[in-house]
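So the chains spell out like this:
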Number of protein chains: 6
Amino acid sequence: MYEIGVVHRNIQRTEADVADRLGTFGSATVHEAMGRVGLMAPVMRPIYAGAQVSGTAVTVLLQPGDNWMLHVAAEQIRPGDVVVAAVTAACTDGFFGELLATSFKARGARALVIDGGCRDVKALTAMPFPVWSRAISAKGTVKATLGSVNIPVVCAGALVNPGDAIVADDDGVVCVPRALAAATLAAAAKREANEADKRAKLAAGVLGLDMYDMRAPLAAAGLRYID
Amino acid sequence: MYEIGVVHRNIQRTEADVADRLGTFGSATVHEAMGRVGLMAPVMRPIYAGAQVSGTAVTVLLQPGDNWMLHVAAEQIRPGDVVVAAVTAACTDGFFGELLATSFKARGARALVIDGGCRDVKALTAMPFPVWSRAISAKGTVKATLGSVNIPVVCAGALVNPGDAIVADDDGVVCVPRALAAATLAAAAKREANEADKRAKLAAGVLGLDMYDMRAPLAAAGLRYID
Amino acid sequence: MYEIGVVHRNIQRTEADVADRLGTFGSATVHEAMGRVGLMAPVMRPIYAGAQVSGTAVTVLLQPGDNWMLHVAAEQIRPGDVVVAAVTAACTDGFFGELLATSFKARGARALVIDGGCRDVKALTAMPFPVWSRAISAKGTVKATLGSVNIPVVCAGALVNPGDAIVADDDGVVCVPRALAAATLAAAAKREANEADKRAKLAAGVLGLDMYDMRAPLAAAGLRYID
Amino acid sequence: MYEIGVVHRNIQRTEADVADRLGTFGSATVHEAMGRVGLMAPVMRPIYAGAQVSGTAVTVLLQPGDNWMLHVAAEQIRPGDVVVAAVTAACTDGFFGELLATSFKARGARALVIDGGCRDVKALTAMPFPVWSRAISAKGTVKATLGSVNIPVVCAGALVNPGDAIVADDDGVVCVPRALAAATLAAAAKREANEADKRAKLAAGVLGLDMYDMRAPLAAAGLRYID
Amino acid sequence: MYEIGVVHRNIQRTEADVADRLGTFGSATVHEAMGRVGLMAPVMRPIYAGAQVSGTAVTVLLQPGDNWMLHVAAEQIRPGDVVVAAVTAACTDGFFGELLATSFKARGARALVIDGGCRDVKALTAMPFPVWSRAISAKGTVKATLGSVNIPVVCAGALVNPGDAIVADDDGVVCVPRALAAATLAAAAKREANEADKRAKLAAGVLGLDMYDMRAPLAAAGLRYID
Amino acid sequence: MYEIGVVHRNIQRTEADVADRLGTFGSATVHEAMGRVGLMAPVMRPIYAGAQVSGTAVTVLLQPGDNWMLHVAAEQIRPGDVVVAAVTAACTDGFFGELLATSFKARGARALVIDGGCRDVKALTAMPFPVWSRAISAKGTVKATLGSVNIPVVCAGALVNPGDAIVADDDGVVCVPRALAAATLAAAAKREANEADKRAKLAAGVLGLDMYDMRAPLAAAGLRYID
């Protein structure tokens, strides 16, 4: 976050299998499994509906209106990575489009998460190459000022260290720190195992009030029913 | 709006047939029929395109980051209801997801309108269970602080009393007070009857300037044509 | 921009063939070809995905909550036009819906670009009649106060003169001044010709760093690689 | 909220003495005394710092870009009133300036609360006539379309009935329904009586943890201290 | 607006006396005198209260995060100028601070109007050097990419040509085109002459309803009084 | 950032003398000295103008609508600290007011920086106790859900570790990591030493174009002057 003009070439990635399996649970379940932390702000939206990905973070710090570092980052991508780009100040410019997506995809990247703008939405949808961004904008950018690659960044309010696991879908983007990834995966799996049973009960008309034993604590909190 | 910690069990719902038929006209026509009042702010968007529903309001007042009252509300739902949830302060958390939707649907709810966030968008789209919300967010909520069920609430700028009719589609969400529902339905039907004829004329190239006799008032207002 | 209450009937439109061909390149390429100017703010979004249009601007200046001038504008539309509507103050009301779209389409308009709200989204999608707008809102408007038609307007931050070429797609809306349209078309064509080759190289794994000869300037700027 | 084009001349105002004394407590204390409801959204800000007022609501429903009804409302003002103006759609125009303020003040109004824009800030500050508004804008408005006076309105998310008590200061604006005003006053007075003692203890270094007996519930909730 | 990388050295400024006298009326009166056009969006706020200035525009087009062109613009400033800076994309960076203000002031500039951020607020307030900006931010900018000086720009939604008159105060910023400046001045003077009389009447308790003869048109529009 | 329900009692604070002296330079100079990183988003504004503070961070992670952890944090404050509070989701509630400020001040805190709302602005201004916040709101909060104290937090887009140095003034809030504080202080001092000379030259009419030797690089970049 504090080094400008550097590229870290050797980063420790979350174990590929763990990162992959986290993606099967989706951002909401993983976020719960994390203890409700690590989520990016909801301003981050997918450019098309239905994508669900996970991978290991290659991080980029951009300057406003300048996408030079995305080209630098391309070289650091390995198959299974998700590129996470922060900007030193809020900027909706279209830092990323079809050409960079072609390059990122050729390098094995699964997605881009960018706290800025994206363009060529139609082409990216057709590829498909999923992007979560703060904005969509046709405006291009210059290549004039250094940022960094693979340093810790804050992207849409979430701290992302290079190598962390990223889970993104229609509900948003969550970052799982590498050190917590295995435990989070286990917790997510446990949560999901419980959900099938709950879903069946609720579908059968059982109330959450009863299934979660909420009536006593609600009464204790003073809830009054009025007929 | 002023009672915290209460659940009103007996509410007077808009007549089912009236509420149902209002939905066939859509929010724009109903809003016009109301005299252009009762619309929620346009920040309320459907989580997927194409849904068009109407029903009778079960209202909920939530605390920020807390969805306890949605569980309490589930028990008050009857077939044909639309749950309308306000929050005491702006909050984009994902108060509602697949499990609650399963429960609401089992109880007969047709939709949720929430001045907050929603999650599990992919699952809700598949069910389908339509939601109009201010945001989409994977962030979950706690169950710690009381709000209320079936009190008057202000949701996205519109006053909603329990039992009012709610009409929601791609254009937004409008609340029709129970006492005005039948008259609004009649006015909407009258509007729509006129529209088919207008549409045909306009499609044939007739100008609104002529069809609505606007040329004289425009001239009276001082409009000048310059060649 | 400064004349209220006037309609200019004779405007000089960008040559139809030039306006048409600009649309084949899309807003991002055209914006680049313009030297990265002329783009509307990214708050302008299409009401449905996938539309890509171009045409010649008929401009409208509206008053907040009042769509009278859209009816006046309809008469000035010629086949191949795109109506561009500005508002004297930010307003999300639904100034435009199915009836006006029917009329505009009958007159030969290809699209509406409005720095305000739009309604009847489902019907417009079905027609189809594409709209780029700041908001979607069921709220209707009055017909009480004059604006103007075919004067220069600022729409979402971009100056649009009547007759300018408009290019709009999923990435946004760009305005090409009539006097620059032919040169912009040539520049866009040249850009696109280069892109196919670049795309193929990048897809084959060539890095932008090498293809664009960025390594030397990056080093000159002080970029350091850390292993 | 649902009657357009009407002026209610006879409204029941909160007892003057109660409305006056509520103002001495400020919006935060009154809002707490209400059970944390009735607050307008924080986008409502005073045009200058330091004003603290209370009074009885004369309500106005405006159309966007149109201040006709403020002139109609002036006639309904009695000494001790606070005018509360809602708009049928978000609009930042300067609906109110020095001339209307002169008139309102002459009629005995204490302040304006408007979910829109205000202008002539320098003159209003000099008078002084306090205004809480969503925006400051030099843009004037027309007088063309009816709204209403003294109907229930939703202003910045709060329901305000004519005659309700309004309390406004640097922290925001709260509406106290007439029927709850006396009880709220009593509750506010009780709160404030407790605060002096608490303030003294905290100033002396006593911790809220101890003063409010929070240590046990924190431990029960699972709080862990790490050295 | 369409030329990047140019500096126009010879611009035709609004006559100094006209520009100066426009400032005595303030932005609201001038905006009315213009026919309610030419106002920048209300997001443009003064960095301190009470400043009221007018002058002739030196325009600047900046790139996001880059203030190079402000240094270029300094050389073009003449006594009585107001610098108006647009940015090619929304950016809140602090493009301008104490050092540039010292330079601008030494050159005779009266103020800066910038559709971006400003910093060193305390020092600028002490100088004093008034700034109207979209944001305040400590973040500095680079000097790497060309924009232009003295081309037409769109600043906060208003078209500004070099040499136009700018009027700015607590209510906002209005641009008066050079060709309209003298007529606008006359219209503003006429408005203000009428206001003193109106103010006195309103202060004496006369209602706008009577002074402006509104009762008949209100009745014609259908306003109903209910007792 | 990932531990919920913990309080770290032993944190390593930036050396007091370094933290104190950083404050004399202000946020803009310190941010430049950091290499233009570490700044919070400009939505963070002081509740009154003119405050300039620095100190060592005690960090707090709050839940939306819940200020329980601010009471827990009070016990961890030492003289010279600045409390930095993040919230797990955007929330404008008034988490902090006069009573907590009294307690914080008694413990030696110099300021609060909170990515949420603040209330009792008049009382805090009178104390004075400076606060930088995202909003001002009279709305109070509950004490029901655990967060943490003295863990790393992301506040308004900036990562803050407990013990980091915080510099806040009218331009915003910057966080200086403890490990970089001494070097940043030296760099800031060096910057400021240069500024006096520059200021004098600019005040004397020397252009930045000449003082910074910009004419050659501008020409190299292609800047053209047109007479």
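We now turn to the structure provided with this report. (Residues numbered from 1 in each chain as written. Chains lettered and ligands numbered in written order. Predicted model: local features only at pLDDT ≥ 70, side-chain atom pairs only at ≥ 80, totals over all residues. Heavy atoms only, no water.)

So, the side chain of Thr141(E)
Along the chain, Thr141(E) falls in the loop between β6 (131-136) and β7 (148-149). Engagement of the side chain of Thr141(E) in a polar contact is seen with the side chain of Asn67(E), the distance being 3.4 Å. Among residues more than four places away in sequence, those in contact with Thr141(E) are Gly65(E), Asp66(E), Asn67(E), Asp93(E), Gly94(E), Phe95(E), Glu32(F) and Arg36(F). (Helix = DSSP H or I, 4+ residues; strand = E, 2+ residues; numbered from the N terminus. Polar contact = N/O pair within 3.5 Å; in protein donor to acceptor, adjacent residues only side chain to side chain. Contact = heavy atoms within 4.5 Å.)

Details of the relation of the copies chain D and chain F
After a rotation of 120 degrees and a shift along the axis of 0.0 Å, chain D superposes on chain F with an RMSD of 0.0 Å. Taken together, the turn and the small shift mark the pair as related by a three-fold rotation axis. Taking C-alpha positions as the reference, the residue of chain D nearest the rotation axis is Ala49(D), at 6.4 Å. (Least-squares fit on C-alpha atoms with pLDDT ≥ 70 in both.)

So, the interface of chain D and chain F
How big an interface is tends to be stated in terms of the accessible area lost upon association of its parts. Taken together, the 35 residues of chain D in the interface contact 36 residues of chain F. For the chain D and chain F pair, buried surface summed over both sides reaches about 3,100 Å², with 60% attributable to carbon and sulfur atoms. Considering only the side of chain D, the residues that lose the most area to chain F are Asp171(D), Tyr225(D) and Ile226(D), jointly responsible for 18% of the buried surface there. The salt bridge partner of Glu32(D) is Arg119(F), with a shortest N-O separation of 2.9 Å. Counting the contacts that link chain D with chain F gives 14 residue pairs in polar contact (both at pLDDT 80 or more). Taken together, the elements giving at least two residues each to the side of chain D that touches chain F come down to α2 (26-33), α6 (181-203), α7 (208-211), α8 (215-221) and β12 (224-226) of chain D. For the side of chain D that touches chain F, the element with the most residues is α6(D), which contributes five residues. Per-class residue counts for the side of chain D that touches chain F are 17 nonpolar, seven polar and eleven charged. Inspection of the sheet shows β12(D) paired to strand β1 (residues 6-8) of chain F by three bridges, in the parallel sense. Across the sheet, the residue bridging to Ile226(D) is His8(F), located in β1(F). (Buried area = accessible area lost by both parts, 1.4 Å probe. Salt bridge = Lys/Arg side-chain N within 4 Å of Asp/Glu carboxyl O. Nonpolar A, V, L, I, M, F, W, Y, C, P; charged D, E, K, R; others polar. Pairing = 2+ DSSP bridges.)

A look at unusual backbone geometry
A cis amide bond links Met127(B) to the next residue, Pro128(B), at an omega of -10 degrees. Of note, Pro128(B) is situated in the loop between α5 (121-126) and β6 (131-136). Positive phi is not limited to glycine here, since Asp213(C) has a value of about 55 degrees. Inspection of the secondary structure assignment puts Asp213(C) in the loop between α7 (208-211) and α8 (215-221). In the Ramachandran plot, Asp120(F) falls in the positive-phi region, its phi being about 60 degrees despite a non-glycine side chain. Considering the arrangement of structural elements, one finds Asp120(F) in the loop between β5 (111-118) and α5 (121-126).

Side note on the packing of helix α4 (residues 98-107) of chain D against helix α6 (residues 181-203) of chain E
When two helices pack together, their arrangement is captured by the angle between the axes and the distance separating the axes. Close contact between α4(D) and α6(E) brings their axes to 8 Å; oriented N to C, the two are set at 20 degrees. Classed by the angle they form, the pair α4(D) and α6(E) counts as roughly parallel. Classified by chirality, the crossing of α6(E) by α4(D) is right-handed. Contact residues: α4(D) offers Glu98(D), Leu99(D), Thr102(D), Ser103(D) and Ala106(D), while α6(E) offers Glu195(E), Lys198(E), Arg199(E), Leu202(E) and Ala203(E). Along the lines of polarity and charge, the residues of the contact of α4(D) with α6(E) split into four nonpolar, two polar and four charged. (Axes fitted to C-alpha atoms, helices over the stretch in contact; angles between N-to-C directions. Parallel < 35°, antiparallel > 145°, perpendicular 65-115°, else oblique. Left-handed = near helix turned anticlockwise from the far one by under 90°.)

Examining the packing of aromatic side chains
The final tally for this structure, using the stated rule, is twelve aromatic pairs over all chains. Taken together, the aromatic side chains of Phe96(A), Phe104(A) and Phe129(A) make up a single cluster linked through ring pairs. (Phe/Tyr/Trp six-rings, centres within 6.5 Å; stacked < 30°, edge-to-face > 60°.)

Topic: the arrangement of the chains
Separated without contact, chain B and chain E have their nearest C-alpha atoms at a distance of 14 Å. The closest approach of any C-alpha atom in chain C to one in chain F is 14 Å; the two make no contact.

Re the environment of Leu218(F)
Tracing the backbone through its elements, the reader meets Leu218(F) in helix α8 (residues 215-221). With relative accessibility at 3%, the residue Leu218(F) sits in the buried group. The residues contacting Leu218(F), other than those within four sequence positions of it, are Trp68(E), Met69(E), Val72(E), Leu146(E), Leu209(F) and Leu223(F). (Buried < 20%, exposed > 50% of the residue type's maximum accessible area, 1.4 Å probe, protein only.)

Overview of the pattern of salt bridges
Across all of its chains, the model carries 84 salt bridges over all chains by this definition. We note a salt bridge from Arg215(B) to Glu75(C), for which the minimum N-O separation is 2.8 Å. Of this pair, Arg215(B) sits in helix α8 (residues 215-221) while Glu75(C) sits in the loop between α3 (68-74) and β4 (81-87), which puts the two residues in different chains. One salt bridge connects Asp197(F) with Lys201(F), and the closest N-O pair in it is separated by 3.5 Å. Here Asp197(F) pairs with Lys201(F), and both are found in helix α6 (residues 181-203), just four residues apart, close to one helical turn.

Looking at the interface of chain C and chain A
Chain C puts 35 residues into the contact, and the matching count from chain A is 35 residues. Both faces considered, chain C and chain A share a buried interface measuring about 3,100 Å² in area, 60% of it formed by carbon and sulfur atoms. Contact with chain A buries area across many residues of chain C, yet Asp171(C), Tyr225(C) and Ile226(C) alone supply 18% of it, more than any other trio. At the surface where chain C touches chain A, the tally comes to four salt bridges. The salt bridge partner of Glu98(A) is Arg199(C), with a shortest N-O separation of 3.0 Å. Here chain C and chain A share 14 residue pairs in polar contact (both at pLDDT 80 or more) between them. Elements with a contribution of two residues or more to the side of chain C that touches chain A: α2 (26-33), α6 (181-203), α7, α8 and β12 (224-226) of chain C. When residues in the side of chain C that touches chain A are grouped by element, the largest group, five residues, is from α6(C).

Considering empty space enclosed by the protein
Sizing a probe to match a water molecule and rolling it over the atoms shows the empty space that remains. Using the criterion set out here, one finds three cavities of 30 Å³ or more in the structure. Its volume calculated, the largest cavity comes out at about 40 Å³. In terms of lining, the largest cavity is formed by Leu39(A), Met40(A), Ala41(A), Pro42(A), Met44(A), Arg45(A), Asp171(A), Gly172(A), Val173(A), Ile136(B) and Ala138(B). (1 Å grid on protein atoms, 1.4 Å probe; cavity = no way out; pocket = protein on both sides within 12 Å on 5 of 7 lines; lining within 4 Å. Points joined across faces, edges and corners; volume = space filled by probe spheres on them.)

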